[in-house]
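Report on the structure
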Amino acid sequence: MTEFTDSLAESFHGDVTTVRNDRFHRYELLVNGELAVISQFMDRPGHIDFMHTETKEKFKGRGLAKVLARFALDDVVASGKRIIPHCPYIAAFLRQHEGYELDIDWPAEPPVGEPGNE
């Protein structure tokens with residue numbers, strides 16, 4: 001399990017922890033120990049396929065999914081694996097943030113829910 005803990009009290013008003021939870025095949029972001037955001041993945045030989053990212057209702061609008069996306073993508077890159085973004089949130093994040101271009105294998109079809117493939 002990969003874990004990162006940071007006290008971001010000024011921006012999130014609580015302790016934020018990010019974890020790779022291999023048991024449930026997801027990255028997790030917790031606020032004060034409560035699960036706030038998940039990003040589900042499939043770990044395949046040579047790549048991580050992101051399937052779905054979800055923020056619990058009470059934590060929406062705080063930018064927490066972005067924090068988890070950056071943690072998850074950095075973790076994949078550090079492991080030497082490739083990123084496959086089937087999740088529309090992760091795909092949109094990758095299109096908006098530089099630095100991951102050499103580590104992405106785009107799926108043949110844009111993720112369902114991404115602009116142009118609603």
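This text goes with the structure placed above it.
Criteria and cut-off values
Residues numbered from 1 in each chain as written. Predicted model: local features only at pLDDT ≥ 70, side-chain atom pairs only at ≥ 80, totals over all residues. Heavy atoms only, no water. Buried < 20%, exposed > 50% of the residue type's maximum accessible area, 1.4 Å probe, protein only. Helix = DSSP H or I, 4+ residues; strand = E, 2+ residues; numbered from the N terminus. Arc of directions from axis to C-beta. Contact = heavy atoms within 4.5 Å. Salt bridge = Lys/Arg side-chain N within 4 Å of Asp/Glu carboxyl O. Core = buried A, V, L, I, M, F, W, Y, C linked by side-chain atoms within 4.5 Å. Axes fitted to C-alpha atoms, helices over the stretch in contact; angles between N-to-C directions. Parallel < 35°, antiparallel > 145°, perpendicular 65-115°, else oblique. Nonpolar A, V, L, I, M, F, W, Y, C, P; charged D, E, K, R; others polar.

1. What to know about helix 3 (residues 88-96)
If you check which residues of helix 3 are buried, you get Ile 90, Ala 91, Phe 93 and Leu 94. When helix 3 is viewed along its axis, its buried side chains cluster within an angular range of 160 degrees and face the same direction. Opposite the buried face of helix 3, at more than 90 degrees from it, the exposed residues are Arg 95 and Gln 96. Each element contacted by the buried residues of helix 3 is listed here: strand 4 (34-44), strand 5 (47-55), helix 2 (64-79) and strand 6 (82-85).

2. Side note on the pattern of salt bridges
Counting across every chain of the model gives 8 salt bridges. Among the ionic pairs, Arg 26 bridges to Glu 28, the shortest N-O distance being 2.7 Å. Glu 28 carries the same exposure label as Arg 26, and that label is buried. Put simply, Lys 81 and Asp 43 hold a salt bridge, and the shortest N to O gap is 2.4 Å. Of the two residues, Lys 81 is situated in the loop between helix 2 and strand 6 and Asp 43 in strand 4; the sequence distance between them amounts to 38 residues. Residue Asp 43 is classed as partly exposed on the basis of its relative accessible area, which comes to 35%.

3. Considerations on the environment of Val 16
Position of Val 16 relative to the elements: it lies in strand 2 (residues 15-21). Counting along the chain gives 17 residues from Val 16 to Gly 33, while the straight-line C-alpha distance between them is 7.9 Å.

4. Some thoughts on the nonpolar core
With 25 residues, the main nonpolar core has Tyr 27, Leu 29, Phe 50, Leu 64 and Leu 73 as its most contacted residues. For this core, the elements supplying multiple residues, two or more each, are strand 3 (26-31), strand 4, strand 5, helix 2 and helix 3. Top element by residues in this core is helix 2. It accounts for 8 residues.

5. Some thoughts on the packing of helix 2 against helix 3
Where helix 2 meets helix 3, the closest approach of the two axes is 11 Å, and the angle between their N-to-C directions is 80 degrees. Relative to helix 3, helix 2 is oriented roughly perpendicular. Note on element contacts: helix 3 touches helix 2 through Tyr 89, Ile 90, Phe 93 and Leu 94, opposite Ala 65, Lys 66, Ala 69, Arg 70 and Leu 73. Looking at the contact of helix 2 with helix 3, its residues break down into 7 nonpolar, no polar and 2 charged.

6. Comments concerning the environment of Ala 65
On the secondary structure map, Ala 65 appears in helix 2. We classify Ala 65 as buried; its relative accessible area is 12%. With 37 residues separating them along the chain, Ala 65 and Glu 28 place their C-alpha atoms 9.6 Å apart. If we ignore the near neighbours within four places in the chain, the residues touching Ala 65 are Val 37, Thr 55 and Tyr 89.

From the geometry alone we can't say anything about function, so treat these as descriptive.
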